[in-house]
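Fold and contact review
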Amino acid sequence: FFELSIGIQFVFGALSGASALGAGAIAAGVSDPTALASLGILGILSGLVIYLLSLIITFAQQASMTTMASPLARPTIGEAIKVGLKAGLPFLALVIMLIVAYFIFALIAALMVLMFAAISPSLGVVFGILLIPIIVYLLCRFYLVLPVVAVEREFNPITAVNRAWGLSKGNVLGIFLVLLIVVVSAIVVLGIPFFLVF
């Protein structure tokens, strides 16, 4: 996965160099509108493709490491890499689906906070604070999506979300406590050296 990332960075560097040459041609006086439009479209599309490929490789790497770390499976490194490569694109689709759902939820929540704030500013603040446990609850319910994709090899995003929701039923408190311990530990382990140095 590291080598794939390096390869993508080389491609990105080549495209950036081509863009620099195009910008140089523009600075030298090339004013053909078709050339200028083509350069802009190529820059936007190549940047988007590189970004999506980088995300897919990152998700594939996460799925591969999750497969290797699972006590439920004893895969070889080759099998874990194959699972990761197979999971990269479906996991990207899953993340896009969850981001869209998040924005819909955030929009509805923001409108409700504004509605309550129009009645009374303190009521809006109270409603906003009450949303925090709901957000934490949803985070805990969807937290097992990556293991479902990587370990159970459920590559359909909708089925993976449903499976993660089912697995987390009755386990929200345990998931929350584990996440809390991890976050507090990270703050202590990373925070103490940071404050000692800076």
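The coordinates are above.
All figures in this text were calculated on a predicted structure; none of them were measured in a lab. (Residues numbered from 1 in each chain as written. Predicted model: local features only at pLDDT ≥ 70, side-chain atom pairs only at ≥ 80, totals over all residues. Heavy atoms only, no water.)

The helix and strand inventory of the protein chain stands at seven helices and zero strands. Taking the intrachain contacts of the protein chain between residues at least 6 apart in sequence as the baseline, contacts between residues at least 24 apart amount to 65%. Counting every atom, the protein chain has about 13200 Å² of accessible surface; 79% of that belongs to carbon and sulfur. (Helix = DSSP H or I, 4+ residues; strand = E, 2+ residues; numbered from the N terminus. Contact = heavy atoms within 4.5 Å. Areas by Shrake-Rupley, 256 points an atom, 1.4 Å probe, with all protein chains shown as cover.)

Next up on the list: helix α3 (residues 77–119). With 43 residues, α3 extends 59 Å between its outermost C-alpha atoms, agreeing within 8% with the 63 Å of an ideal straight helix rising 1.5 Å per residue. Roughly 40 degrees is the biggest bend found in α3, and it falls at glycine 88, with proline proline 90 one to four residues downstream. Three or more residues of α3 are buried, namely Ala80, Val83, Gly84, Ala87, Gly88, Pro90, Phe91, Leu92, Leu94 and Ala109. (Expected span 1.5 Å × (residues − 1). Bend = angle between axes of the 7 residues up to and from the residue. Buried < 20%, exposed > 50% of the residue type's maximum accessible area, 1.4 Å probe, protein only.)

As a further point, take the environment of isoleucine 81. Looking at where isoleucine 81 falls in the secondary structure, it is placed in helix α3. Its relative accessible area of 36% is what places isoleucine 81 among the partly exposed residues. Between the C-alpha atoms of isoleucine 81 and methionine 68, which are 13 residues apart in sequence, the distance is 9.2 Å. Those residues within four positions of isoleucine 81 in sequence are excluded, and the remaining contacts are Phe1 and Ser64.

A few words on the packing of helix α4 (residues 121–142) against helix α7 (residues 172–197). Running from amino to carboxyl end, α4 crosses α7 at an angle of 95 degrees, the nearest separation of the two axes being 9 Å. By the angle between their axes, α4 is roughly perpendicular relative to α7. Each of Val136, Tyr137, Leu139, Cys140 and Arg141 in α4 lies in contact with α7, whose residues at this interface are Val172, Ile175, Phe176 and Leu179. Here the contact of α4 with α7 is composed, by residue class, of eight nonpolar, no polar and one charged. (Axes fitted to C-alpha atoms, helices over the stretch in contact; angles between N-to-C directions. Parallel < 35°, antiparallel > 145°, perpendicular 65-115°, else oblique. Nonpolar A, V, L, I, M, F, W, Y, C, P; charged D, E, K, R; others polar.)

Where α3 meets helix α6 (residues 157–168), the closest approach of the two axes is 9 Å, and the angle between their N-to-C directions is 70 degrees. In this view, α3 runs roughly perpendicular relative to α6, as classed from their interaxial angle. Crossing angle aside, the handedness with which α3 passes α6 is right-handed. Mapping the contact onto sequence places Pro90, Ala93, Leu94, Met97 and Leu98 in α3 and Pro157, Ile158 and Val161 in α6. (Left-handed = near helix turned anticlockwise from the far one by under 90°.)

With that settled, the discussion passes to the pattern of salt bridges. Counted under the stated rule, the structure contains one salt bridge. Between arginine 163 and glutamate 152 there is a salt bridge whose closest N-O contact spans 2.8 Å. Of the two residues, arginine 163 is situated in helix α6 and glutamate 152 in the loop between α5 (145–150) and α6; the sequence distance between them amounts to 11 residues. The class for arginine 163 is partly exposed, based on a relative accessible area of 38%. Residue classification places glutamate 152 among the partly exposed positions, given a relative accessible area of 37%. (Salt bridge = Lys/Arg side-chain N within 4 Å of Asp/Glu carboxyl O.)

The next point concerns the side chain of serine 64. Tracing the backbone shows serine 64 in helix α2 (residues 33–69). Accessibility expressed as a relative area gives 7% for serine 64, which makes it buried. For serine 64, the side chain forms a polar contact with the main-chain oxygen of alanine 80, separated by 3.1 Å. Leaving out residues up to four positions away in the same chain, serine 64 has contacts with Phe1, Ala80, Ile81 and Gly84. (Polar contact = N/O pair within 3.5 Å; in protein donor to acceptor, adjacent residues only side chain to side chain.)

With that out of the way, let us pick up the packing of aromatic side chains. On inspection of all chains with the given rule, the structure shows six aromatic pairs. Centroid distance phenylalanine 142 to tryptophan 165: 5.4 Å. Interplanar angle 45 degrees. Geometry classified as tilted. Separated by 23 residues along the polypeptide, phenylalanine 142 in helix α4 and tryptophan 165 in helix α6 bring together distant segments of the chain. Here a set of aromatic residues connected by ring pairs shows up, and it is made of Tyr137, Phe142 and Trp165. (Phe/Tyr/Trp six-rings, centres within 6.5 Å; stacked < 30°, edge-to-face > 60°.)

Purely geometric stuff here, so don't read any function into it on its own.
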